Amino acid sequence: MPAHAAAKQPIIFCLSPNNGSLHAGQEIALTQPLPETMPEGLAFTALSAGYRSSFATASNGQTYAWGYDGIDLGVGTAVEYPGPSRLATPQGVHFLSVSAGFTQTVALTAEGAVYMWGHIYSHSGPRSWLAESRPQKVDLPAGEPASKVVSGLNHALVLAADGSVYVWDSTTGAVAWEGAAREKIHLVRVKTPDGLRFVDISTRDGYSLALSAEGSIYLWGAPVESDEYGYGSHPHRNTPVELKVTPQVRFVSIGAGSGFLAALGEDGGLYIWKIGKGQWLSGSSPSVETGYTRLEAPAGARFTALSVGDDHLLAMASDGGLYGWGDNPDGRLGTGKADSDSKWKTGLQAVAVPAGARFTSVSAGENHSLALTAEGKLYGWGSNDGHQLGDGSGDNVLVPTPIPLPPSGGDSEDEDESRPMDAASVKITSVRFDGRLGTDLHLDQDSGVWLVTTPKMRAGSSLMPDPEGGALPVDVDWEYKGQPQKTKRFTFSYHIEDPSENNDFAPLLFLAVALTVGLLLLLLKAIRWCRSRISRPQP
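First things first, this report covers the structure right here in the doc. (Residues numbered from 1 in each chain as written. Predicted model: local features only at pLDDT ≥ 70, side-chain atom pairs only at ≥ 80, totals over all residues. Heavy atoms only, no water.)

1. Quick notes on the sheet that holds strand β17 (residues 188-189)
Definition in use: Two strands are counted as paired when DSSP detects at least two bridges linking them. Runs of E in the DSSP output that reach at least two residues are strands. Runs of H or I that reach at least four are helices, and both are numbered from the N terminus.
Taking strand neighbours across the sheet as the criterion, the four strands line up as β12-β13-β14-β17 in an open arrangement whose pairing is antiparallel. Each having just a single partner strand, β12 (146-151) and β17 make up the two edges of the open sheet. Looking at chain direction, strand β14 (residues 165-168) and β17 are connected through two bridges and run antiparallel. Across the sheet, residue Y166 finds its bridge partner in β17, namely R189.

The following block contains the structure:
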């Protein structure tokens, strides 16, 4: 058995791009994400809880991610990261905020630039998924800067500095496919009445909210189940309509949940509306307008901040307290207990804030929660099935608990288990696409990246390929300091633009058709012979 060089932080390759055509000749790069080390004494300034993933921006200008959500973490590869790992951001790019969605993540820089990565879904292109393992810049029309970004189920919203809202989703035509080798994300402006200016946005499972400068809530789309898209072809899906509230309330914050929406009023109250699945929220006055519940903060306090997750929400109060509402099967409300089958029956619950801690911001995810103190310390609680709480255990946490930071790499030059492998000692010996060797495998000396050219590949495992594309295994054989290492396996997503692209099966198909025709001709001759024998006069 070959010896393996030991390292706590092994080389983790990234196949980039990890999607394309079945045709031969596409160049693929094998790169490495940044090592899982962080400077000591780091403080965090912003956070975001997603779907089994967590993000936090630090005082050094870098953003870190942990958990598991395919390639949506943006660290450059689809693996599970049990602790904060630095995002593979472009050189000189620093994120002001990050919003983690179900399949994709969006981020905003201080200059108003928008970046997106993950499994970006689309019905309008030659295949269903645009997969980006690292942050990619998304330009707003006319170079307009953005002020906020939010990510939902399979779509994202961008609030521009001028108060307009842009959307990317799978049915608006917002994803334009430019050329066969490279796709680019485009954003489409949401149709709004003239003069209407938005100051806040939120989105969840197929529907979106926007808050006007006058304090009114506008909504559009249709809430859907997590296993269906549900957009259809409704002509008013992108036409926001006002949510009328009686008596009239001026709202200051909004949040979209799964099957409910919430808002904070200028009066300090918390308002919650229930929404039915598949209910259209545009094109006519929404029926949710008569069904809200108002919750009040403890006596002498008022709610000051709101974060809405999938089936729960968190609300901060002026007295320093933190309160939760919604489902709590895994401790996501942070009360010290879990409530099974509690679909919104728990009422408003006080989060067990640790003694001496005062949270300045919170974020509710799909099934976990995050909080940040004034000192820049992170806390997490709730589900930990994807290591989204960053403690490496995978166990659920019922109360706010500090998220440990990984040890710093230190300044020592000695190679030990706390340091990543030396990339210069890595040699890739072969890359196989569904068992077929890639060609022109070599190390680019300028970038230090290994490059390989794809061979001609075959789609699927049956005679006829999937007309919408699919995925094939890619195996990478490599050595470290001359010693063979365990083969790395990746997935290459393919699309089929022309049926002739998958012509490996053409000879078999031709043979099958020829045999079928031949058998039919023989059968026809046999039938004619039998008929002639039956009709022949008997002697």
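Picking up where we left off.
2. Structural notes on unusual backbone geometry
Of the consecutive residues T246 and P247, the connecting peptide bond is found in the cis state with omega at -5 degrees. Looking at where P247 falls in the secondary structure, it is placed in the loop between β21 (241-243) and β22 (251-256). Phi is positive for H387, close to 65 degrees, though the residue is something other than glycine. Tracing the sequence through the fold places H387 in the loop between β32 (378-382) and β33 (397-402).

3. Things to note about the sheet that holds strand β25 (residues 292-295)
Stated precisely, the cut-off is as follows: Fitting a line to C-alpha atoms yields each axis, with helices limited to the stretch in contact; the angle taken between N-to-C directions then spans 0 to 180 degrees.
Taking strand neighbours across the sheet as the criterion, the four strands line up as β22-β23-β24-β25 in an open arrangement whose pairing is antiparallel. Only two strands of the sheet have a single partner each, and these edge strands are β22 and β25. Adjacent strand axes in the sheet meet at a mean angle of 20 degrees, parallel and antiparallel pairs treated alike. As paired strands, β22 and strand β23 (residues 260-265) are joined by five bridges and run antiparallel to one another.

4. What about the nonpolar core?
Test applied: Buried Ala, Val, Leu, Ile, Met, Phe, Trp, Tyr and Cys residues that are joined via side-chain atoms within 4.5 Å together make up what is termed a nonpolar core. Three labels apply to residues, based on accessible area from a 1.4 Å probe with only protein chains included: buried if under 20% of the type maximum, exposed if over 50%, partly exposed otherwise in between. Contacts between residues were defined by any pair of non-hydrogen atoms, one from each residue, lying within 4.5 Å.
L30, I428, V431, F433, V474 and F492 are the most contacted members of the largest nonpolar core, which totals 19 residues. Put simply, the parts of the chain that give this core at least two residues each are β3 (27-31), β34 (426-433), β37 (449-453), β38 (470-480) and β40 (488-495). The element that contributes the greatest number of residues to this core is β38, accounting for five residues. Not counting chain neighbours up to four residues away, the residues in contact with F433 comprise I28, G438, V452, T454, P455, M457, P473, V474 and F492. Formed by 17 residues, the second largest nonpolar core is a distinct cluster that contains L270, F303, W325 and W344.

5. Notes on the packing of aromatic side chains
Selection criterion: Working definition: rings of Phe, Tyr and Trp (its six-membered ring) pair if their centres are within 6.5 Å, and the pair is stacked with planes under 30 degrees apart, edge-to-face with planes over 60 apart, and tilted otherwise.
The tally for this structure, following the rule as stated, stands at 15 aromatic pairs. Aromatic side chains F44 and Y64 sit 6.3 Å apart centroid to centroid with 85 degrees between the ring planes, which places their arrangement in the edge-to-face category. Here F44, found in strand β4 (residues 44-49), pairs with Y64, found in strand β6 (residues 63-67); they are 20 residues apart in sequence, far enough to count as distant. Relative accessible area serves as the criterion here: at 1%, Y64 is assigned to the buried category. For the ring pair F303 and Y323, a centre distance of 6.2 Å and an interplane angle of 80 degrees mean the geometry is edge-to-face. Of this pair, F303 sits in strand β26 (residues 303-308) while Y323 sits in strand β28 (residues 322-326), and the two are 20 residues apart along the sequence. F303 gets classed as buried once you look at its relative accessible area, which sits at 4%. One aromatic cluster is present, formed by F55, F95, Y115 and W117 through successive ring pairs.

6. Considerations on the pattern of salt bridges
As a reminder of what qualifies: Within this document, salt bridges are pairs made up of a side-chain nitrogen of Lys or Arg and a carboxyl oxygen of Asp or Glu, the two lying within 4 Å of each other.
If you walk through the whole model with that rule in mind, you get eleven salt bridges. Linking R332 and D330 is a salt bridge whose minimum nitrogen-to-oxygen distance equals 2.9 Å. In this structure, R332 and D330 share a single accessibility class: buried. Here D477 and R432 are joined by a salt bridge, their closest N and O atoms 2.8 Å apart. Within this pair, whereas D477 is found in strand β38, its partner R432 is found in strand β34, the two being separated by 45 residues in sequence. When salt bridges that share partners are traced, they join R432, D475, D477 and R489 into one network.

7. Considerations on the side chain of Q26
Turning to its location among the elements, Q26 is positioned in the loop between β2 (19-21) and β3. Since its relative accessible area comes to 17%, Q26 is described here as buried.

8. Examining the pairing of β4
By the criterion of burial, β4 is predominantly enclosed, with five of the six residues buried. Direction of pairing for β4 relative to strand β5 (residues 53-58): antiparallel, over a ladder of five bridges. Residue pairing across strands places L47 opposite A56, the latter belonging to β5. The turn linking β4 back onto β5 is made up of three residues, and R52 within it adopts a positive phi angle of 65 degrees.

9. Considerations on the environment of V431
Looking at the secondary structure, you find V431 in strand β34. Using a relative accessible area of 2% as the deciding quantity, one classes V431 as buried. Once the C-alpha coordinates of V431 and W478 are considered, the two residues, 47 residues apart in sequence, prove to be 8.9 Å apart.

10. A look at the side chain of Q388
Considering the arrangement of structural elements, one finds Q388 in the loop between β32 and β33. The class for Q388 is buried, based on a relative accessible area of 0%. With residues up to four places along the chain from it excluded, the contact list for Q388 reads R52, S53, S54, W66, G67, N367, H368 and S383.

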